[in-house]
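# Geometric and topological summary
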Amino acid sequence: MKTEDKDKEPDMAEVVLTVNVGVDVIDKVRSGQITHIALDINDNNYRQILENNNGHLLLIVDEMPTTFHGCYLYNNGVFPYAVKDTLDFLLLIGNDDNCLAKIIGIDTKPGIRFRFQGQGKPSVEDPKGDSCIWEIQFEVVPVPKEPKRYLMRWNPSVSSFTEMDYAKCIADMELLTEDILAKLEELRG
């Protein structure tokens, strides 16, 4: 991690993705019955999920395609985009209830495939088409309102991680937690 990134305050839009779900989904995430949340990547949410560099999506392909629309690109079943590595939490909101969930894993798969015929022209569903709507699946665990506490041990004489690094990590986590709790309160409004 670069030094300037360490000192940068976390941006809520970069680390938390807000998703509207039913209250039953929130209850099942809290109880551990639901461990995965799947979303279609579409024109409304791709900027919150995918890495963005100066307004351009980062594509992990050998050759940049000449045209693509939103997040539609089949790429032989290999997910071609970079998921934000800063995305840490899903904030699940349903009616007056909400639940913060930590993202512990991400998987992707192509959804409906179609032939993209150019901007403004209708897309034709085709199982061998060159485009698709990608689905992203987040593996999550609920963040308890009362955090668990752990006893951490480490030997500073054999580690490059210093006490100052530890203090900075704690301060950053407290700041991020305060921001998330403030956002929750604002949403409860």
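Here's a quick rundown of the structure. (Residues numbered from 1 in each chain as written. Predicted model: local features only at pLDDT ≥ 70, side-chain atom pairs only at ≥ 80, totals over all residues. Heavy atoms only, no water.)

## Quick word on the overall build of the protein chain
Let me state the cut-off plainly: A helix here means a DSSP run of H or I that spans at least four residues, while a strand means a run of E at least two residues long, and both kinds are numbered starting from the N terminus. Classification of residues uses two cut-offs on accessible area relative to the type maximum, computed with a 1.4 Å probe and protein chains only: under 20% is buried, over 50% is exposed, and between them is partly exposed. Any two residues whose heavy atoms approach within 4.5 Å are treated as being in contact. Note on areas: Shrake-Rupley, 1.4 Å probe, and residue coverage restricted to the protein chains presented here.
Looking only at helices and strands, the protein chain features five helices and eight strands. Along its sequence from the N terminus, the protein chain presents helices and strands in the succession α-α-β-α-β-α-β-β-β-β-β-β-α. Of all 189 residues assigned to the protein chain, the portion counted as buried reaches 28%. Pairs at least 24 residues apart make up 66% of the contacts formed inside the protein chain by residues separated by at least 6 positions. Here the protein chain has roughly 12900 Å² of accessible surface; of this, 51% comes from carbon and sulfur atoms.

## A few points about the packing of aromatic side chains
Where we set the bar: When two rings of Phe, Tyr or Trp (its six-membered ring) have centres within 6.5 Å they constitute a pair, described as stacked for plane angles under 30 degrees, edge-to-face for angles over 60, and tilted for the intermediate range.
In total, this model carries two aromatic pairs according to the counting rule given. Consider the rings of Phe 79 and Tyr 81, whose centres lie 5.7 Å apart with planes at 70°: the pair is edge-to-face. Residue Phe 79 is classed as buried on the basis of its relative accessible area, which comes to 14%. Look at Phe 79 and Trp 134: their rings are 5.1 Å apart centre to centre, the planes differ by 80°, and that puts the pair in the edge-to-face class. With Phe 79 in the loop between strand E4 (56-57) and strand E5 (89-94) and Trp 134 in strand E8 (residues 131-142), the pair connects residues that are 55 residues apart, well separated along the chain.

## Section: the nonpolar core
Let me state the cut-off plainly: Grouping buried Ala, Val, Leu, Ile, Met, Phe, Trp, Tyr and Cys residues that are joined through side-chain atoms within 4.5 Å yields what is termed a nonpolar core.
In this structure, Ile 41, Leu 50, Tyr 81, Leu 90 and Phe 138 are the most contacted members of the largest nonpolar core, which totals 29 residues. Of all elements in the fold, only strand E1 (16-20), helix H3 (23-31), strand E2 (36-40), helix H4 (46-49), E5, strand E6 (97-115) and E8 reach the threshold of two or more residues within this core. Broken down by element, this core gets its largest block of residues, five residues, from E8.

## Some points on a nonpolar patch on the surface
Convention followed: Nonpolar side chains (Val, Leu, Ile, Met, Phe, Trp, Tyr) within 5 Å and like charges within 9 Å form the patches, drawn only from residues with over 30% relative accessible area and no salt bridge. Basic side-chain nitrogens of Lys or Arg form a salt bridge, by our definition, when they fall within 4 Å of a carboxyl oxygen of Asp or Glu.
A grouping of Met 152, Trp 154, Phe 161, Tyr 166 and Ile 170 is seen on the molecular surface, where their side chains present a nonpolar patch of about 410 Å² in accessible area. Along the chain, Tyr 166 turns up in helix H5 (residues 163-188).

## So, the pattern of salt bridges
With the rule as written, the count across this model stands at five salt bridges. One salt bridge in this structure joins Asp 126 and Arg 115, with 3.0 Å as the shortest N-O distance. You can see Asp 126 sitting in the loop between strand E7 (124-125) and E8 and its partner Arg 115 sitting in strand E6, a full 11 residues away along the chain. The class for Arg 115 is partly exposed, based on a relative accessible area of 38%.

## Concerning the environment of Asp 107
With respect to the secondary-structure elements, Asp 107 resides in strand E6. For Asp 107, a relative accessible area of 48% translates into the label partly exposed. As for Asp 107 and Glu 139, which are separated by 32 residues in sequence, their C-alpha atoms are 8.0 Å apart. Sequence-distant contacts of Asp 107, defined by excluding residues within four places in its chain, comprise Glu 135, Ile 136 and Gln 137.

## As for unusual backbone geometry
Here Asn 75, not a glycine, exhibits a phi torsion of approximately 55°, which is positive. Tracing the sequence through the fold places Asn 75 in the loop between E4 and E5. Positioned with a positive phi, Asn 76 is a non-glycine residue whose angle comes to about 55°. One can find Asn 76 in the loop between E4 and E5.

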